[in-house]
Amino acid sequence: MLLYIILGLLIHLVFFASIFDIYFTSPLVHGMTPQFTPLPPPAKRLVLFVADGLRADKLYELDENGNSRAPFIRNIIMHEGSWGISHTRVPTESRPGHVALIAGFYEDVSAVAKGWKENPVEFDSLINETRHTWCWGSPDILAMFAKGASGNHVFAHNYDAYSEDFGAQDVTKLDTWVFDNVKEFFHAARNNQSLFSKLNEDKIVFFLHLLGIDTNGHAHRPSSREYLNNIKIVDEGLKEIVSTLKDFYGSDGKTAFIFTADHGMTDWGSHGAGHPSETCTPFVTWGAGIKYPQKVLAQKFDDTYLQEWKLENWKRQDVNQADVAPLMAALIGVPFPLNSVGTLPVDILNSTDLFKAESMFTNAVQILEQFKVKMTQKKEATLPFLFTPFNSLSDSKQINILRKARSYIKQKKYDEAVSLCKELINLALKGLSYYHTYDRFFLAFNVVLGFVGWTSYASLLIIKSHCNLTRGVSKEVKKPSHLLSCGFVAVGVLLALFLLIQACPWTYYIYCLLPLPVWYAVLREFPVIQGLVTLLLTFPPSHFVGYLLLFILGVEVLVLSFFYRYMLTAGLIAFAGWPFITPLWTRAKSTSLSWIFFCLLLAVFPLMPVVGRKPNIFLVVGAGLLVLLLSLFVVTSVIKRKDSFVNEELVLHLLQMLSTVLSVCVVYGTHNSLLKKQGLPLINQVVSWIILASSFIVPLLSPLILFDRLFSILVSSMSTYLLLSTGYEALFPLVLSCLMFVWIHMEQETLPQSVVSCKQKVSSIQFTYNTDITRFRDLYLDDIRRAFFLVFFLMTAFFGTGNIASVNSFDLASVYCFLTVFSPYMMGALMMWKILIPFALVMCAFEAVQLTTQLSSKSLFLMVINISDIMALHFFFLIKDYGSWLDIGASISHYVIVMSMTIFLVFLNGLAQTLTTKKLTLCGRPKSHLI
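Keep in mind that what you see is a predicted model, and the values were worked out from it rather than measured.

Analysis parameters
- Residues numbered from 1 in each chain as written.
- Predicted model: local features only at pLDDT ≥ 70, side-chain atom pairs only at ≥ 80, totals over all residues.
- Heavy atoms only, no water.
- Helix = DSSP H or I, 4+ residues; strand = E, 2+ residues; numbered from the N terminus.
- Buried < 20%, exposed > 50% of the residue type's maximum accessible area, 1.4 Å probe, protein only.
- Contact = heavy atoms within 4.5 Å.
- Polar contact = N/O pair within 3.5 Å; in protein donor to acceptor, adjacent residues only side chain to side chain.
- Patch = residues over 30% accessible without salt bridge, like charges linked within 9 Å, V, L, I, M, F, W, Y side chains within 5 Å.
- Areas by Shrake-Rupley, 256 points an atom, 1.4 Å probe, with all protein chains shown as cover.
- Salt bridge = Lys/Arg side-chain N within 4 Å of Asp/Glu carboxyl O.
- Axes fitted to C-alpha atoms, helices over the stretch in contact; angles between N-to-C directions.
- Parallel < 35°, antiparallel > 145°, perpendicular 65-115°, else oblique.
- Left-handed = near helix turned anticlockwise from the far one by under 90°.
- Nonpolar A, V, L, I, M, F, W, Y, C, P; charged D, E, K, R; others polar.
- Expected span 1.5 Å × (residues − 1).
- Core = buried A, V, L, I, M, F, W, Y, C linked by side-chain atoms within 4.5 Å.
- Pairing = 2+ DSSP bridges.
- Phe/Tyr/Trp six-rings, centres within 6.5 Å; stacked < 30°, edge-to-face > 60°.
- Lys NZ or Arg CZ within 6 Å of the ring centre and 35° of its normal.

S.K.: Got a minute to help me understand the overall build of the protein chain in this structure?
M.R.: Tallying secondary structure elements over the protein chain gives 36 helices and eight strands in all. Across the 931 residues of the protein chain, 57% fall into the buried class. Contacts spanning at least 24 positions in sequence make up 79% of the contacts within the protein chain whose residues lie at least 6 apart.

S.K.: Explain the side chain of N230 here, please?
M.R.: Topologically, N230 is positioned in helix 11 (residues 225-249). Given the relative accessible area of 0%, N230 is considered buried. In terms of polar contacts, N230 uses its side chain to reach the side chain of D175, at 2.9 Å. Residues contacting N230, with those up to four places away along its chain left out, are T172, D175, G212, I213 and N216.

S.K.: What exactly am I supposed to notice about a nonpolar patch on the surface here?
M.R.: A surface patch of nonpolar side chains, about 940 Å² in accessible area, is lined by L536, F539, F544, V545, Y547, L548, L549, F551, I552, L781 and I784. Elements supplying a minimum of two residues to the nonpolar patch: helix 24 (541-560) and helix 33 (781-799). Counting through the fold element by element, F539 comes out in the loop between helix 23 (526-538) and helix 24. Judged by its relative accessible area of 32%, F539 is partly exposed.

S.K.: Could you clarify how one ought to interpret the environment of A322 in this entry?
M.R.: With respect to the helices and strands, the residue A322 is situated in the loop between strand 8 (319-320) and helix 14 (324-332). A C-alpha to C-alpha distance of 7.9 Å links A322 and I102, two positions 220 residues apart in sequence.

S.K.: In this structure, what is going on with the packing of helix 15 (residues 353-380) against helix 17 (residues 414-436)? I would like to understand it.
M.R.: Working note: a packed helix pair is described by the angle between its axes plus the distance between those axes. Helix 17 packs onto helix 15 with a crossing angle of 20° between their chain directions and a minimal axis gap of 8 Å. The angle between helix 15 and helix 17 falls in the class roughly parallel. For the element pair helix 15 and helix 17, the recorded crossing hand is left-handed. For the contact of helix 15 with helix 17, a count of residues per class yields 19 nonpolar, four polar and five charged.

S.K.: Would you take a moment to explain helix 11 for this structure?
M.R.: Two residues of an α-helix separated by three or four positions point the same way, owing to the 3.6 residues in each turn. Spanning 25 residues, helix 11 covers 36 Å between terminal C-alpha atoms, matching the ideal 36 Å at 1.5 Å per step. One or two positions beyond helix 11, positive phi appears at G250, with a value near 65°.

S.K.: So what exactly am I meant to see when it comes to the packing of helix 20 (residues 482-501) against helix 21 (residues 506-513) here?
M.R.: Contact geometry for helix 20 and helix 21: axes closest at 10 Å, N-to-C directions at 155°. Relative to helix 21, helix 20 is oriented roughly antiparallel. With respect to the hand of their crossing, helix 20 and helix 21 are arranged in right-handed fashion. Contacts between helix 20 and helix 21 involve G492, L495, A496, L499 and L500 from the first element and Y508, Y509, C512 and L513 from the second. The class makeup of the residues in the contact of helix 20 with helix 21 is eight nonpolar, one polar and no charged.

S.K.: How do you make sense of the nonpolar core when you look at a structure like this?
M.R.: Nonpolar side chains tend to gather and get buried jointly when the protein is soluble and globular. By size, the foremost hydrophobic cluster in this structure holds 160 residues, and its most contacted members are F575, W595, L739, F793, M871 and Y895. If one sorts the elements of this core by residue count, helix 34 (residues 824-853) sits on top with 18 residues. Sequence-distant contacts of M871, that is, excluding residues within four places in its chain, are made with V555, L558, V559, F562, V791, M795 and V898. One finds L142, F355, V365 and L427 within the second-largest nonpolar core, a separate group that totals 70 residues.

S.K.: Can you help me understand the pattern of salt bridges in this one?
M.R.: Opposite charge on two side chains permits pairing when their charged atoms draw close. Here the structure, examined in full by the defined rule, presents 21 salt bridges. For R786, the salt bridge identified is with E747, shortest N-O distance 2.6 Å. With a gap of 39 residues between them, R786 in helix 33 and E747 in helix 32 (residues 732-750) connect regions that are remote in the sequence. Neither R786 nor E747 differs from the other in exposure class; each is buried. One salt bridge connects D782 with R785, and the closest N-O pair in it is separated by 3.2 Å. In this pair, D782 and R785 both sit in helix 33, three residues apart, roughly one turn of the helix. Using a relative accessible area of 15% as the deciding quantity, one classes R785 as buried. Via salt bridges that share partners, E747, D782, D783, R785 and R786 belong to a single interconnected network.

S.K.: How should unusual backbone geometry be read in this particular structure?
M.R.: Across residues other than glycine, the phi torsion is negative in most instances, and most of the peptide bonds are trans. Notably, K203 is not glycine yet its phi reads approximately 60°, a positive angle. Positionally, K203 belongs in the loop between helix 9 (193-199) and strand 5 (204-210). Overall, the relative accessible area of 21% leaves K203 in the partly exposed class. For K310, which is not glycine, the phi dihedral falls at a positive 60°. As for its position among the elements, K310 is in the loop between helix 13 (305-309) and strand 8.

S.K.: Quick question: what am I supposed to make of the pairing of strand 2 (residues 81-87) here?
M.R.: In regular strands, side chains alternate between the two faces of the sheet. Counted residue by residue, strand 2 has six buried out of seven residues, so it is predominantly covered. Inspection of the sheet shows strand 2 paired to strand 7 (residues 280-287) by seven bridges, in the antiparallel sense. Bridging from a neighbouring strand, S86 pairs with T281 of strand 7. Of the pairings in the sheet, the one linking strand 2 to strand 8 comprises two bridges and is parallel in character. The partner of H87 across the bridge, within strand 8, is N320.

S.K.: What am I meant to see in the pairing of strand 1 (residues 45-51) here?
M.R.: Of all the seven residues making up strand 1, seven are buried; the element is thus mostly covered by neighbouring parts of the structure. Burial along strand 1 is two-sided: R45, V47, F49 and A51 facing one way and L46, L48 and V50 facing the other are all buried. Bridge count between strand 1 and strand 5: seven bridges; the pairing is parallel. Residue pairing in the sheet places L46 in a bridge with V205 of strand 5.

S.K.: Looking at this structure, how should I read the side chain of N866?
M.R.: Locating N866 in the fold gives a position in helix 35 (residues 857-878). Setting aside chain neighbours within four positions, we find N866 in contact with T455, A458 and S459.

S.K.: Mind showing me how you'd approach the sheet that holds strand 1 here?
M.R.: Strand pairing within a sheet occurs via backbone hydrogen bonds; the two strands may be parallel or antiparallel. The mixed open sheet is built from eight strands, whose spatial order is 4-3-5-1-6-7-2-8. At either margin of the open sheet sits one strand with a lone partner, and together these are strand 4 (154-158) and strand 8. Sheet strands touched by helix 8 (residues 173-189): strand 3 (132-137), strand 4 and strand 5. Its angle to strand 5, the strand with the most contacts, is close to 150°.

S.K.: What's the story with the packing of aromatic side chains in this structure? I'm lost.
M.R.: Ring pairs (aromatic) are described by centroid distance and by the angle formed between their planes. The final tally for this structure, using the stated rule, is 56 aromatic pairs. Ring centres of F387 and Y435 lie 6.2 Å apart, and the angle between their planes is 0°; this geometry places the pair in the stacked category. Note that F387 is positioned in the loop between helix 15 and helix 16 (395-410) and Y435 in helix 17, a separation of 48 residues in sequence. The pair F387 / Y435 is uniform in exposure class, with both members buried. Aromatic pair F788 and F792: ring centres 6.4 Å apart, planes at 35°, arrangement tilted. With F788 and F792 both in helix 33, this residue pair falls four residues apart, about one helical turn. Among the aromatic residues, ring-to-ring pairing joins W134, W136, F155, F185, F186, F196, F206, F248 and Y249 into one connected group. Positioned over the ring face of F361 is R406, at 4.4 Å from the centre of the ring. The positively charged end of K834 is found above the aromatic ring belonging to Y721, 6.0 Å away from the centroid.

Okay, here's the thing in structure tokens:
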């Protein structure tokens, strides 16, 4: 069993990692020549304000009284500058948002996962190209650009990381700290000659990162009074900073201003995915080199924002987030960031037509340089007869477009030159994408080959273990041919040489060579394949087709549940009808009625709103009270069952009841404390961590009797789950566990007497430390159904309270009983544990199903993996790299989730075995197992 687990785990880790080589490789190339506009720039300095987490609609809309909550910005839009929406890309997180704004490229997901505080990949940025840059704000963001810059020209001023507290009394201090420090900085500069001289040079940037809005959005939601008031405070702060700069520089007209955001935020206070509330951020710019407002009679946009914001008469000029970097570079005359893929929005510039044309030409050459480097790299790493160039932008076409654009500029045909440069930029970006995804089909083909091979091999192992299909096959056929092994070795050597000649990364060797041993193992089982085909030919075609269609339908329901949660409801309603098509209804009517009731009750959860969008602390308290009532019932039964009133089991139940009471009190107390903006009480935090730690130990003290152990696991898990809940989801594990208890009874009732000679009562069965029980019986069709039930219940555990295929479904409020200071890894770990608790409950229940039905754990594991792999293969083919960013992000996350689930199954299987079979004893007695 261990060998199969290790083999399966390694193969699936490779399949999981492949997605990062196929879709998430870094787009960066190095070796380009810096490009800058050869004309005097309109501005000497630039001020960049980034309001972290600010939604465009919340800034631009009018309040209930018809007034703007940002009057200074509204005045800029109407009298001084240009405005629009900056469209971001997924993942809508702080790090990639700032990289897009300041460096001009969209960071790959694999780099984002490596951290907030350091540069996981080397890249050029606007800050790196400036003469001097001064930054104020969050340490997470400032350090990223300060450490990535060459030289000592970047000066970062940040507050302490512990100031980022979601439970603090007033987080607007994060923004007022920035504004106050900037004003003090300019005041001190008047008395510091060295600093005064630096501030009066050209090509300088002031970067103000404002985190208060994002923090208030997470803590209170974007529609809250706190979030909206924070916008007013930022607006007032902007007015003060602009006034300070005008006083310092004497209104010399050489300062450009840009106000924008790194990402938006959903109505429930999260971000990361591609919803318009997350991808639509404000973009307002004014000052040197920026056009004044333009009044128009009509504008054509696909949305209704202009009418809602009462801005339909002021020209709206939208940009992509990466376009901001070349705009800033052009305004102050520094080289465009080398890795930028942004297109300069020339319509925003208030400069000569010559400057616009030259800047656009520089932008085109800068992006073309990246294309040339990328093409050269790919050409050098590919055999000449296999290399397929990007024909839409050949060398001759590049030269012709550049020559023609330069000619237009000399002839003062500036509009034609700008248009031609935009065409060249579009072609170069398409070419960059072409070479970036050059090996995608080749890698995907090998991964699919490995998928199909592994699934085939796992299926053959199951059949071989439980069906003697090789009786009619001669011994000569059974012996593997030496020619077969030699053939596979030869193919492997040729593949390795092919990859070596092309200087491919070491990961390519794994993806290409892995399918060979897998398919060799499949073909070694040719006698089993031959026997299986013979058996299927004797099977009635109508029965075979019926079972196949039923299996396909079941898998498709599982796949569709990733897109539509109500498919889980449909599946659970179908499950409720299971007793009626089997003898269960007549054999165990009361158990069947319980099954129907809990299936229908659980079916309600996927129809409810996603967790976090409508928090309700009273439902969490209600769930805790239900657990207490259930525990009280069990305690009563324990007292009746035991001779002595006080015993170890009773003490354990009372401790667990106390833990539940403490959880309810902590949840309620923390909620009230945060409402009053008094922060997270230390005693609540300590108790929460103690309850979390004890939830791993306490179940191991309970008896190994099946239902006693499962109930102990449930109560301990619920104590932790309550602390991580914000609403109705607190009831979910309770209902799920009730269904699992009934399922154990139902599965035992399905067993015929011939299968289990001595069928025990479920109440008397004990968990035993057992590696496999294949010897007890052969495999039946019911066992395939049990494997499907397990996968379906795991999907229900995953999506029952929210479609967490989107990053924005994670609600930070879930962890406020444990910590409120921003800590991405700790918060992520706690939210991951919240997801895993329902998983663990399902897996523990299935350990009991395996025990009561005497089902082979090895075969079951392989069946579950096969079903999961078929789902993963679905999502592999559904991955998109085109269309809306919402679709692209969702398609990738679906594959990652189902592959993670497959890998987690190994961990969950081990966790379930530990929780159900290990026994610790109090009073210093030794640890024991029941064998």
